[in-house]
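Chain and residue survey
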Amino acid sequence: MTRQVDVLVVGAGPAGLAAAARLAAGGAGRVEVLDREQRAGGVPRHCAHGGYGTWLHPLTGPGYARLLTDAALRTGAVVRTGVTALDWAGPLAVTTVSRDGPQTVEARAVILATGARERPRAARLVPGTRPAGVYTTGELQQAVHLYGQRIGTRAVIVGAEGVAYSAADTVRAADADVVAMVTESDRARTTRLRAQDARLRRRVPLLTGTAVVELLGHGRLSGVRVRHRDGRTTVLACDTVVFTGDFVPEDELARRGGLTLAPETSRPGVFAVGGLLHPGESAGAAARAGARLAATVQEFLNDPCRPAPEANRAAPSRLSSNTPMP
């Protein structure tokens, strides 16, 4: 089965929803957003902490996700969840699958807003056993805030960026203790106030110049072996470890199309935005980028033959970033 839309947005995170809302409100025609998750909103869905919205109207992550989703729906955009984009069926056509079966969606313009993810333990080449209790921040937040799962009682957080401190907050929300935060950097990579709060009020040790070199335990994690800058090794007893930061783009669809990533990709009519271009950027920055990109997409719809800016065609995106998400 094949359907036609005017603009197809792949990814219902902040960037994709903001672009869809702006385009639908601007009269771009039928704007449709697809996401493989069961609920729209992207990463903020499972970030129960604050830090979203504005100073006058602060929001939690789920509140921000609802705000963006509602805004897109109010403008007339269609948001379809539980739909996975598998591959390209043509220059501006995408093959999808959902509980209703396979389908091809053809569009006049396609926006890739597939976001980014943290590198898991395997991609970081951390040796050791393969016990339960090993998470990324996203996996941890989903387990605690979306599914209400218990995660253990003693956690080591790997990283010291803003996202690592968010992971520590999630651990405490699950009634577990943070044994230590471990980073190869020489200092915390977050605001001074946040770092001091964790160290002085929460009494969480920050081990700088330290790397996790082995996971221990059978069945359930029993500890992590760390190596300090001077070569000494220590075992930190814990039943949970959370690998944070080190974001990489979710670029499988772009790779399948052989695209060079930029706001206007190497394929006319295909655009990219958000964490796909800047892995780890904040939700607010992604939403603002989505709103800005909408104007470029509208220009293309009005004049498909117009040339893309030379800088856009020549500048591929980064493939990794340590910029923390909120």
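Residues numbered from 1 in each chain as written. Predicted model: local features only at pLDDT ≥ 70, side-chain atom pairs only at ≥ 80, totals over all residues. Heavy atoms only, no water.

The next thing to look at is the sheet that holds strand β18 (residues 233-237). A sheet is described by the order of its strands in space; here 3 strands give the open sequence β16-β17-β18, paired in antiparallel fashion. Unpaired on one side and paired on the other, β16 (210-216) and β18 mark the two borders of the sheet. Across the sheet, the axes of successive neighbouring strands diverge by a mean angle of 30°, strand direction being ignored. Examined bridge by bridge, strand β17 (residues 223-228) and β18 share 5 bridges and lie antiparallel to one another. Residue pairing in the sheet places R225 in a bridge with V235 of β18. (Pairing = 2+ DSSP bridges. Helix = DSSP H or I, 4+ residues; strand = E, 2+ residues; numbered from the N terminus. Axes fitted to C-alpha atoms, helices over the stretch in contact; angles between N-to-C directions.)

A separate point is the packing of aromatic side chains. The final tally for this structure, using the stated rule, is 2 aromatic pairs. Ring geometry for F271 versus F300: centroids 5.7 Å apart, planes at 75°, classification edge-to-face. Within this pair, whereas F271 is found in strand β21 (residues 270-272), its partner F300 is found in helix α7 (residues 283-302), the two being separated by 29 residues in sequence. F300 carries the same exposure label as F271, and that label is buried. The ring of W88 has R267 sitting right over it, with the charged end atom 4.7 Å from the ring centre. (Phe/Tyr/Trp six-rings, centres within 6.5 Å; stacked < 30°, edge-to-face > 60°. Buried < 20%, exposed > 50% of the residue type's maximum accessible area, 1.4 Å probe, protein only. Lys NZ or Arg CZ within 6 Å of the ring centre and 35° of its normal.)

Moving on, we come to the sheet that holds strand β2 (residues 7-10). Spatially, 5 strands are ordered β6-β3-β2-β10-β21 in an open sheet, and the strand pairing comes out parallel. Edge positions in the sheet fall to β6 (78-81) and β21, since each of these pairs with one other strand and no more. Going across the sheet, the axis of each strand differs from the next one's by a mean of 20°, ignoring polarity. Pairing of β2 with strand β3 (residues 31-35), which is carried by 4 bridges, proceeds in the parallel orientation. Its bridge partner lying in β3, L8 is registered against E32.

A separate point is the packing of helix α4 (residues 162-173) against helix α5 (residues 192-201). Close contact between α4 and α5 brings their axes to 11 Å; oriented N to C, the two are set at 35°. Taken as a pair, α4 and α5 cross one another with a handedness that is left-handed. Each of G162, Y165, S166 and D169 in α4 lies in contact with α5, whose residues at this interface are R194, A195 and A198. Here the contact of α4 with α5 is composed, by residue class, of 3 nonpolar, 2 polar and 2 charged. (Left-handed = near helix turned anticlockwise from the far one by under 90°. Contact = heavy atoms within 4.5 Å. Nonpolar A, V, L, I, M, F, W, Y, C, P; charged D, E, K, R; others polar.)

A separate point is the environment of Y165. Here Y165 lies in helix α4. Given the relative accessible area of 4%, Y165 is considered buried. Each C-alpha atom of the pair Y165 and R194 lies 7.8 Å from the other, and the pair is 29 residues apart in sequence. With sequence-adjacent residues up to four places away left out, Y165 is seen in contact with A160, M181, A188, T190, R194, A195, A198 and L206.

Quick look at the environment of R201 now. Relative to the elements of secondary structure, R201 occurs in helix α5. Given the relative accessible area of 56%, R201 is considered exposed. As a C-alpha pair, R201 and G231 span 30 residues in sequence and 30 Å in three-dimensional space. There is a polar contact of 2.6 Å between the side chain of R201 and the side chain of D197. (Polar contact = N/O pair within 3.5 Å; in protein donor to acceptor, adjacent residues only side chain to side chain.)

Take the confidence of the model for the protein chain next. Across the protein chain, the average pLDDT comes to 90, with 94% of residues at or above 70. The low-confidence segment residues 313-326, where pLDDT is below 50, has 47 contacts with residues more than four positions distant or belonging to other chains. (pLDDT = per-residue confidence, 0-100.)

Quick look at the pairing of strand β14 (residues 177-182) now. Burial analysis of β14 places 5 of its 6 residues in the buried class, which makes it a mostly covered element. Here 5 bridges tie strand β13 (residues 154-158) to β14, and the two strands are oriented parallel to one another. Residue pairing across strands places A155 opposite V178, the latter belonging to β14. You can see the chain leave β13, run along α4 and come back into β14, and the turn it takes is right-handed. In this sheet, strand β15 (residues 206-207) lies alongside β14 in parallel orientation, the contact comprising 2 bridges. Each residue of the ladder has a partner; that of V182, found in β15, is L207. (Right-handed = clockwise from strand over helix to strand, strands pointing away.)

Let's shift gears to the pattern of salt bridges. Throughout the structure, instances matching the rule amount to 18 salt bridges. E250 is the salt-bridge partner of R117, the closest N and O atoms lying 3.6 Å from each other. Placement of the pair is R117 in strand β11 (residues 116-118) and E250 in the loop between β20 (247-249) and α6 (252-256), with a sequence separation of 133 residues. On the basis of relative accessibility, which here comes to 38%, the residue R117 falls in the partly exposed class. A salt bridge links R201 to D197, with the shortest nitrogen-to-oxygen separation between them at 2.6 Å. Separated by 4 residues within a single helix, R201 and D197 lie in helix α5, roughly one turn from each other. Sharing partners across several salt bridges, the network here consists of R3, R30, E32 and R80. (Salt bridge = Lys/Arg side-chain N within 4 Å of Asp/Glu carboxyl O.)

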